[in-house]
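What the coordinates show
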Amino acid sequence: MVTVVAGAAAVLAGEYVFHSGAMTRTGTGAVLICGALYFFFRWLGLREAGRRDRDPPSPGRSERPDDEQGDRSG
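Parameters at a glance
- Residues numbered from 1 in each chain as written.
- Predicted model: local features only at pLDDT ≥ 70, side-chain atom pairs only at ≥ 80, totals over all residues.
- Heavy atoms only, no water.
- Helix = DSSP H or I, 4+ residues; strand = E, 2+ residues; numbered from the N terminus.
- Areas by Shrake-Rupley, 256 points an atom, 1.4 Å probe, with all protein chains shown as cover.
- Phe/Tyr/Trp six-rings, centres within 6.5 Å; stacked < 30°, edge-to-face > 60°.
- Buried < 20%, exposed > 50% of the residue type's maximum accessible area, 1.4 Å probe, protein only.
- Salt bridge = Lys/Arg side-chain N within 4 Å of Asp/Glu carboxyl O.
- Expected span 1.5 Å × (residues − 1).
- Polar contact = N/O pair within 3.5 Å; in protein donor to acceptor, adjacent residues only side chain to side chain.
- Contact = heavy atoms within 4.5 Å.

Looking only at helices and strands, one finds three helices and zero strands in the protein. For the protein, the succession of helices and strands along the chain, N to C, is α-α-α. Total accessible area computed for the protein in this model is approximately 6,300 Å², and 61% of it derives from carbon and sulfur atoms.

Written out as structure tokens, the structure is:
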């Protein structure tokens, strides 16, 4: 999200401060690409979280990675 905000700042600065078309286009590209990537990975994470909620863990396998190593403290 930081890149999206920086891209939006570049668009505004390019348009109103520097009057630079190249800066405006670059900022717009950064906003569009990084925004799309953000929402894509957000969707992927929500899909995976839903899958984990639906499917129980397999027998003998824990949901916590710490438990897979075995408890060696006692």
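Don't stop here, the text continues.
Enumeration according to the criterion identifies three aromatic pairs in this entry. Geometrically, the ring pair formed by Tyr-38 and Phe-39 is edge-to-face, given 5.1 Å between the ring centres and 75° between the ring planes. Assessed through its relative accessible area of 28%, Tyr-38 is described here as partly exposed. The class for Phe-39 is exposed, based on a relative accessible area of 57%. Seen in terms of ring centroids, Phe-40 and Trp-43 are 6.1 Å apart; in terms of plane orientation they differ by 40°. Their pairing is tilted. With Phe-40 and Trp-43 both in helix α2 (residues 21-54), this residue pair falls three residues apart, about one helical turn.

Moving on, we come to the pattern of salt bridges. Opposite charge on two side chains allows them to pair when their charged atoms are near. The full count for this structure, using the stated rule, is three salt bridges. Among the charged side chains, a salt-bridge network with shared partners connects Glu-48, Arg-51, Arg-52 and Asp-55.

Across its 16 residues, helix α1 (residues 2-17) extends 21 Å between first and last C-alpha, which sits within 8% of the 22 Å expected from 1.5 Å per residue. The positive-phi residue at the C-terminal boundary of α1 is His-19, with phi of around 50°.

A separate point is unusual backbone geometry. Non-glycine residue His-19 carries a positive phi angle of around 50°. Relative to the helices and strands, His-19 is located in the loop between α1 and α2.

With respect to the element layout, Thr-24 can be found in helix α2. At 2.9 Å, the side chain of Thr-24 forms a polar contact with the backbone oxygen of Ser-20. In this structure, Thr-24 is in contact with Val-11, Gly-14 and Glu-15, ignoring residues within four places of it in sequence.

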